[in-house]
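Listed below, chain by chain, are the residues.
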There are 2 protein chains.
Amino acid sequence: MRAVDLIVKKRDGLELTSDEIAFFIRGFTSGEIPDYQAAAWAMAVVLRGMTPAETYALTLALADSGDRLDLTRVVPIAVDKHSTGGVGDKTTLVVEPIVAACGVPVGKMSGRGLGFSGGTLDKMESIPGFRVELTTQQFLDQLRSVGLVLSGQTAELAPADGKLYALRDVTGTVPSIPLIASSVMSKKIAAGAQAIVLDVKVGVGAFMPTLAEASRLARLMVDIGRRANRRVVALLSDMNQPLGCAVGNALEVREALDTLHGGGPADFREHCLHVAAHMLLISGRATTLRGARSLATDALDSGAAMTKFRALVVAQGGDPAAVDQPDLLPKAPVVRTMKAPKAGYLAQADAKIIGMTAVALGAGRARKGDPIDPAVGVVVHAKVGDRLAAGTALCSVHASDSQKAQAAIEQLSPAFRIVARAVPRLPLFYCTLR
Amino acid sequence: MRAVDLIVKKRDGLELTSDEIAFFIRGFTSGEIPDYQAAAWAMAVVLRGMTPAETYALTLALADSGDRLDLTRVVPIAVDKHSTGGVGDKTTLVVEPIVAACGVPVGKMSGRGLGFSGGTLDKMESIPGFRVELTTQQFLDQLRSVGLVLSGQTAELAPADGKLYALRDVTGTVPSIPLIASSVMSKKIAAGAQAIVLDVKVGVGAFMPTLAEASRLARLMVDIGRRANRRVVALLSDMNQPLGCAVGNALEVREALDTLHGGGPADFREHCLHVAAHMLLISGRATTLRGARSLATDALDSGAAMTKFRALVVAQGGDPAAVDQPDLLPKAPVVRTMKAPKAGYLAQADAKIIGMTAVALGAGRARKGDPIDPAVGVVVHAKVGDRLAAGTALCSVHASDSQKAQAAIEQLSPAFRIVARAVPRLPLFYCTLR
């Protein structure tokens, strides 16, 4: 088998066999197949596509490029959730404690933020002392003892995926639904997940701006799961406006704590309960979505989820005082409010612009490895469809100095649009794919 | 400007500006743009295509990546010819002496054979002592004194083209008409050609199997010439069966000498006179094709072309005895004849199979740099359309041993097809594009 022949086959729109894909990914991982051949192949995939069978073969080849975690001796069923990334998406911080509080242990490996999309690890690190780097043994021990872990990767999971993504990033080959689907699913499979809830974001603040593209991605990931004998459900959720109000690391932790304490924005609470219910259903903890939802609501309202979250923080070296008194979390020195210039209905709160503004304030990274400021960000006070009086607060900017605050206010101004006629609210979820 | 943005632009089917293409090729030549980005870009070009304006910009960028030869102080007009490559194509050996004998100096830089297609340098080297490596100064001096040169590249012409071709060869990005056209024309422009006759081969033994593809390639190269203020004419000629009879280096030189002596296969003689006439016409030596043809025929029939060829051989260190007595050229120890198994009309003499058989005998290279055997090859004794009696010689195999001869006979057997009903002859030329 020669790499160039496989490139030619894909270039000509033919289907590669699973052996051919495994050969290509093995060669790419070991370096025998050079980057330039992988780049030509990736471009052919972007422009010619891949069948579901090819996408599944690629997923397995990526998953098998490194270690595979086996959680079956630690938990009855390894359940996981994955969000395709959005603005203000601190769902993990609330959903995982709810599920764990319902008796389903959750060991989750998360990533860092990149671009306008935030990352769970960065958010958790705004809790003083919280450690995200665990060994595999520490991960397994904590999963067994606490029933909840939120860490970075403990082992070298799917290294070919990381290598391929880095190459795609510089060769214009990121936007391919089969490549995105296999990237997501290979990491989940390598991390040992048996049941997976996919939160596929749709809208201007997501990687998939249209429902058509997001559905294709979701359907393909569900198909991969089915072929791999995993239980998978995909929820398509809105990402035109930020989820909840807070965008920025400590700001989002505070909002998650509010929610765990029974408060928090209504849309965010609803989103978390819906995702948690699906995790409970898919893991077999409940037999109906309604029953699962009721378990989740109880865990949240009773404070059991809060207790679980506190235990998680303590287990990973975080200061529980910051959980009990969120005021102890990092706070930005300058807070500036932006007001509605006129009365009317909010027609747009552009998640992408808001996310980029948060990054510019220092909440995210322009490049991998950049430092971040946990305190800064944006808090949006209105939702699309809200009726606003002139002068109502639209959002608050939390900045490290007044110059950055001013720049953020200017950057944010095109994000909001107020119109005279009533505007319908945006849905939280569009549909569920199984 | 960032390389990745130009890849994305091409991936999305947009037109690159000439500045963008120049930036990309400059970066690729210097190594600032890595191979993997060039490979992704080349695949996007293969699948998305390029406009004539883009193709022209690429041609200039490749031509400007190294030295440019200026022949204007040596010859009144620098005329050149280029064949896209075929089997048994020893045209240069006869055409260039004819044109030079008509008073139009020809300095030609040729290449070596690769794949089933032969190369002029390999053929000339079967003349004992003939040197193909000249310095630029030697090239210019001989062009001035003899009026005829046949050498390898004297300077670093279009190095980006060589680098890009090597990358395309291993990334499945060879078959792109814009990339092929710019590759050919960049070298011609860098070598200083002002008037160019393109011999574009069509058929199973050519890179372009169909007339439609060959016409597209020819039209694009003519368009590039027009934009670059070069006089260009493209002749589309048949390459379903070999040109002439001989395939193999010394065998082809012997056939060229026969032709220069007034003999040779009729199709090959006609092909050479037609190409030579176009060179004389395009260089202004004649005002009509008929007049140019008459000059060419005179030069061939009078022996003036033969005299020119002998002077060329002497000037480049070759043994003139081999020219005067072609029997002194290398000869294979084993000659085996393959006969027609039945009576009928020859319907096929597959140029590709015949070319590949010659390579297997040692006349060509499987890889760049492989040694070749000048003596071996195949001589085809019949042309498509010929009426054959059973037992007529179809072809002779010239081999280094009887085992190779036997293998060649077996390899050749599917090349020939004899049918009961009369078959029309194949045309020599299909059309002329200006």
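Below or above, wherever it landed, is the structure these notes cover. In this text the structure is predicted, and so the values were computed from the model without any measurement. (Residues numbered from 1 in each chain as written. Chains lettered and ligands numbered in written order. Predicted model: local features only at pLDDT ≥ 70, side-chain atom pairs only at ≥ 80, totals over all residues. Heavy atoms only, no water.)

1. A closer look at the pattern of salt bridges
Residue and element names in this part refer to chain A.
Next up, step 1: Evaluated as defined, the whole model comprises 47 salt bridges over all chains.
Next up, step 2: The salt bridge involving Arg 226 is made with Asp 223; its shortest N-O contact spans 2.8 Å. In this pair, Arg 226 and Asp 223 are both assigned in helix 10 (residues 211–227), three residues apart and thus about one turn of the helix distant.
Next up, step 3: The exposure class of Arg 226 is exposed, given its relative accessible area of 54%.
Next up, step 4: The residue Asp 267 makes a salt bridge to Lys 383 at a minimum N-O spacing of 2.7 Å. Residue Asp 267 is found in helix 12 (residues 266–282), and its partner Lys 383 is found in the loop between strand 9 (377–380) and strand 10 (387–388); the two are separated by 116 residues along the sequence.
Next up, step 5: Residue classification places Asp 267 among the buried residues on the basis of a relative accessible area of 16%. (Salt bridge = Lys/Arg side-chain N within 4 Å of Asp/Glu carboxyl O. Helix = DSSP H or I, 4+ residues; strand = E, 2+ residues; numbered from the N terminus. Buried < 20%, exposed > 50% of the residue type's maximum accessible area, 1.4 Å probe, protein only.)

2. Side note on unusual backbone geometry
Residues and elements named next belong to chain A.
Next up, step 1: Residue Asn 229 is not a glycine yet carries a positive backbone phi of 60°.
Next up, step 2: In this fold, Asn 229 is placed in the loop between helix 10 and strand 5 (231–238).
Next up, step 3: By relative accessible area, which is 72% here, Asn 229 ends up exposed.

3. Examining the pairing of strand 12 (residues 416–419) of chain B
Residue and element names in this part refer to chain B.
Next up, step 1: Across the two faces of strand 12 the burial differs, with Phe 416 and Ile 418 buried and Arg 417 and Val 419 not buried at all.
Next up, step 2: Strand direction decides the pairing type here: strand 8 (residues 344–349) and strand 12, joined by four bridges, are antiparallel. By the bridge assignment for strand 12, Ala 349 is matched with Phe 416. (Pairing = 2+ DSSP bridges.)

4. Re the interface of chain B and chain A
Next up, step 1: Contact with chain B, which involves 21 residues of that partner, is made by 21 residues of chain A.
Next up, step 2: When the two sides are added together, the surface that chain B and chain A hide from each other amounts to roughly 1,600 Å², 77% of it contributed by carbon and sulfur.
Next up, step 3: Its largest share of buried area at the contact with chain A, chain B owes to Arg11(B), Tyr36(B) and Leu47(B), together 37% of the area lost on that side.
Next up, step 4: Linking chain B with chain A are zero salt bridges.
Next up, step 5: Linking chain B with chain A are four residue pairs in polar contact (both at pLDDT 80 or more), by the criterion used here. (Contact = heavy atoms within 4.5 Å. Buried area = accessible area lost by both parts, 1.4 Å probe. Polar contact = N/O pair within 3.5 Å; in protein donor to acceptor, adjacent residues only side chain to side chain.)

5. Regarding the packing of helix 16 (residues 351–361) of chain B against helix 17 (residues 402–412) of chain B
Residue and element names in this part refer to chain B.
Next up, step 1: Packing of helix 16 against helix 17 leaves a shortest axis separation of 9 Å and a crossing angle of 165°. When the axes of helix 16 and helix 17 are compared, the pair comes out roughly antiparallel. In the packing of helix 16 onto helix 17, the handedness of the crossing is right-handed. Touching Ile 353, Ile 354, Met 356, Thr 357, Ala 360 and Leu 361 of helix 16 are Lys 404, Ala 408, Gln 411 and Leu 412, all from helix 17.
Next up, step 2: Of the residues contributing to the contact of helix 16 with helix 17, the split by class is seven nonpolar, two polar and one charged. (Axes fitted to C-alpha atoms, helices over the stretch in contact; angles between N-to-C directions. Parallel < 35°, antiparallel > 145°, perpendicular 65-115°, else oblique. Left-handed = near helix turned anticlockwise from the far one by under 90°. Nonpolar A, V, L, I, M, F, W, Y, C, P; charged D, E, K, R; others polar.)

6. Notes on the sheet that holds strand 9 (residues 377–380) of chain B
Residues and elements named next belong to chain B.
Next up, step 1: Across the sheet, which stays open at both edges, the four strands sit in the order 6-9-11-7 with antiparallel pairing between neighbours. The strands lining the two open edges of the sheet, one partner per strand, are strand 6 (246–247) and strand 7 (334–339).
Next up, step 2: Relative to strand 11 (residues 393–399), strand 9 runs antiparallel, the two sharing four bridges. Its bridge partner lying in strand 11, Val 380 is registered against Cys 395.

7. Description of the packing of helix 1 (residues 3–11) of chain A against helix 3 (residues 35–48) of chain A
All names here are of chain A.
Next up, step 1: The N-to-C vectors of helix 1 and helix 3 enclose an angle of 15°; their axes lie 9 Å apart at closest approach. Classified by the angle between their axes, helix 1 and helix 3 sit roughly parallel to one another. Between helix 1 and helix 3 lies a crossing whose hand is left-handed. Residues Ala 3, Val 4, Leu 6, Ile 7, Lys 10 and Arg 11 of helix 1 touch helix 3, and the partners they reach there are Gln 37, Ala 40, Trp 41, Ala 44, Val 45 and Arg 48.

8. A few points about the state of the cysteines
All names here are of chain A.
Next up, step 1: Scanning the entire structure with this criterion turns up zero disulfides over all chains.
Next up, step 2: Summary of cysteine pairing: Cys 395 is not part of a disulfide, and the nearest cysteine sulfur, belonging to Cys 245, is at 11 Å.
Next up, step 3: Of the residues examined, Cys 395 reaches a relative accessible area of 0% and is grouped as buried.
Next up, step 4: Of all cysteine sulfurs in the structure, the one in Cys 272 sits closest to Cys 431, which takes part in no disulfide; the separation is 19 Å.
Next up, step 5: In this structure Cys 431 comes out as partly exposed when scored by relative accessible area, which is 29%. (Disulfide = S-S within 2.5 Å.)

9. A look at the relation of the copies chain B and chain A
Next up, step 1: When chain B is fitted to chain A, the residual RMSD is 0.1 Å, and the transformation amounts to a turn of 179° plus an axial shift of 0.1 Å. As the rotation angle and translation indicate, the two copies are arranged about a two-fold axis. Rotation axis and chain B: the residue whose C-alpha lies nearest the axis is Tyr36(B), separated from it by 1.7 Å.
Next up, step 2: Comparing interface residues between copies, 100% of those in chain B also sit at the interface in chain A, which points to an isologous, same-surface contact. (Least-squares fit on C-alpha atoms with pLDDT ≥ 70 in both.)

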